[in-house]
Amino acid sequence: MRVAVFASGNGSNFEAIAKSDELRNLGLEIELLVCDQPQAHVLKRAEKYHIPVFVNRLADYPDRNAYEQAIVDKLKPLKIEYVLLAGYMKVVTKTLLGAYPNRIINIHPSLLPKFSGLEAIERAFAAGDEVTGVTIHYIDEGVDTGPVIKQCKVVRLRNDTEASLEARIHQTEHQMYRQVILDLLNKNNEVAK
Ligand code: GAR
C-alpha cells in the first residue's frame, strides 16, 4: 500500500509509522513525506529513514489551489493510495480532497469534536478536563472534521503537568496510528487476495 505522509513540525507520528517493521512487512510503502515548513524537524527524521521529501511552501504560490495542485501533481505519478496527515497544520481543501476522496486520514490530539483546531492539548489541559484523548478520522472540508475511524481516551492524572499529559497523548497517538494503518493494510491485503 503506497502512502504519502504530510507533516509540518516535529514528526514523532511520522517516525512511529516509518520505523515500524510490522507495517513495512505487511506492505506499507511511504513513498513521500510532504512538508510545508522548510525548517521542520520531521525532515531530519525522513532523511534517517531514506524517505524522499517534497518541501512545498504555500507562500510560493498565488493561492491555495495552486499550492495543493503542486502536491497532487507530485503524488499522482507515485500512485499514492492513501494520504496520512501526521501533524500537518494546514487545512486541506477541495483540490487535494477531490484527488483522494475518502483516502486522507488525519490524527488529532483530542476527543473530537472537542478541541478541534490548534493547541488542542493545551486547551484541554487549561479546561481541566479529566479525560481527553486522540481521534483518527477521514477528513472532509472542515477543520478536524469527517468520519471517525478510531478514538481513544487519555485520562488526566492527578499530578499531570501539561507536558506529562502531552507525552502520554503522543504515546497513544503513535500506537493508534500504527494500529489504524495495520487494519487498513489487512483490509487491503484481504481485498487483493
Ligand atoms: C500531533 O499531536 C497531532 O495529533 C497534531 O499535531 C501533533 C504533531 O506531532 N495534529 C493536529 O493538531 C491536527 N489538527 P508530531 O509532529 O510529533 O507527530
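If you look the protein chain up in an unreviewed UniProt entry, it shows as Phosphoribosylglycinamide formyltransferase from Companilactobacillus farciminis. Entered under Function (unreviewed entry) in the UniProt record, the comment concerning the protein chain runs "Catalyzes the transfer of a formyl group from 10-formyltetrahydrofolate to 5-phospho-ribosyl-glycinamide (GAR), producing 5-phospho-ribosyl-N-formylglycinamide (FGAR) and tetrahydrofolate." Per UniProt, the protein chain has the following entry under Catalytic activity (unreviewed entry): "N(1)-(5-phospho-beta-D-ribosyl)glycinamide + (6R)-10-formyltetrahydrofolate = N(2)-formyl-N(1)-(5-phospho-beta-D-ribosyl)glycinamide + (6S)-5,6,7,8-tetrahydrofolate + H(+)".

Caption draft 1: Molecular detail of helix 7 (residues 162-192). Between its first and last C-alpha, helix 7 extends 44 Å over 31 residues, near the 45 Å set by a 1.5 Å rise per residue. Every buried residue of helix 7 is accounted for by Leu165, Ile169, Thr172, Glu173, His174, Met176, Tyr177, Val180, Ile181, Leu182, Leu184 and Leu185.

Caption draft 2: A look at the UniProt feature "domain: Formyl transferase N-terminal" (unreviewed entry) in the protein chain. The UniProt record annotates "domain: Formyl transferase N-terminal" (unreviewed entry) at residues 1-181. The distance separating the terminal C-alpha atoms of residues 1-181 is 10 Å; by composition the span is 36% helix and 23% strand.

Caption draft 3: Focus on the pattern of salt bridges. Taken as a whole, this structure holds nine salt bridges when the rule is applied. As a salt-bridge pair, Arg2 and Glu31 come within 3.5 Å of each other at their nearest N and O atoms. Taken together, the residues Arg2 in strand 1 (residues 2-7) and Glu31 in strand 2 (residues 29-35) connect sequence positions 29 residues apart. You can call Glu31 buried: its relative accessible area is 17%. With a closest N to O distance of 2.8 Å, Asp36 and Lys90 form a salt bridge. Pair noted here: Asp36 is in the loop between strand 2 and helix 3 (42-48) and Lys90 is in the loop between strand 4 (82-85) and helix 5 (94-99), with a separation of 54 residues, a long-range link.

Caption draft 4: Here's a closer look at the site of the ligand. Taken together, Asn10, Gly11, Ser12, Asn13, Gly87, Met89, Ile107, His108, Pro109, Asp144, His170 and Glu173 make up the full set of residues near the ligand. Pro109 places a main-chain nitrogen or oxygen 3.5 Å from an oxygen atom of the ligand. Those elements giving two or more residues to the shell around the ligand turn out to be helix 1 (12-18), strand 5 (104-108) and helix 7. Considering only residue class, the shell around the ligand consists of three nonpolar, seven polar and two charged.

Caption draft 5: Local environment of helix 4 (residues 64-75). The terminal C-alpha atoms of helix 4 lie 17 Å apart, and with 12 residues this matches the ideal 16 Å at 1.5 Å per residue to within 8%. Tucked into the core, helix 4 has its buried residues touching strand 1, strand 2, strand 3 (53-55), strand 4 and helix 5. Where helix 4 begins, the side chain of Asp63 points an oxygen toward the backbone nitrogen of Asn65, at a separation of 3.2 Å.

Caption draft 6: Main features of the sheet that holds strand 7 (residues 148-155). Here we have seven strands laid out as an open sheet, ordered 3-2-1-4-5-6-7, and mixed in their pairing. Looking at the sheet topology across the chains shown, the edges are occupied by strand 3 and strand 7. Looking at each pair of strands side by side, their axes are set apart by 20° on average, direction ignored. Looking at chain direction, strand 1 and strand 4 are connected through four bridges and run parallel. Bridged to Ala4 within strand 4 is Val83.

Caption draft 7: Structural view of the pairing of strand 2. By the criterion of burial, strand 2 is predominantly enclosed, with six of the seven residues buried. Strand direction decides the pairing type here: strand 1 and strand 2, joined by six bridges, are parallel. Looking at the pairing, Val3 lines up with Ile30 of strand 2. In the sheet, strand 2 pairs with strand 3 via three bridges, with the strands oriented parallel. In the strand pairing of strand 3, Val34 is matched with Phe54. Viewed along the sheet, the connection from strand 2 through helix 3 into strand 3 turns out right-handed.

Criteria and thresholds
- Residues numbered from 1 in each chain as written.
- Predicted model: local features only at pLDDT ≥ 70, side-chain atom pairs only at ≥ 80, totals over all residues.
- Heavy atoms only, no water.
- UniProt positions renumbered as here; feature names shortened; annotations may be inferred.
- Helix = DSSP H or I, 4+ residues; strand = E, 2+ residues; numbered from the N terminus.
- Expected span 1.5 Å × (residues − 1).
- Buried < 20%, exposed > 50% of the residue type's maximum accessible area, 1.4 Å probe, protein only.
- Salt bridge = Lys/Arg side-chain N within 4 Å of Asp/Glu carboxyl O.
- Near = heavy atom within 4 Å.
- Polar contact = N/O pair within 3.5 Å; in protein donor to acceptor, adjacent residues only side chain to side chain.
- Nonpolar A, V, L, I, M, F, W, Y, C, P; charged D, E, K, R; others polar.
- Contact = heavy atoms within 4.5 Å.
- Pairing = 2+ DSSP bridges.
- Axes fitted to C-alpha atoms, helices over the stretch in contact; angles between N-to-C directions.
- Right-handed = clockwise from strand over helix to strand, strands pointing away.

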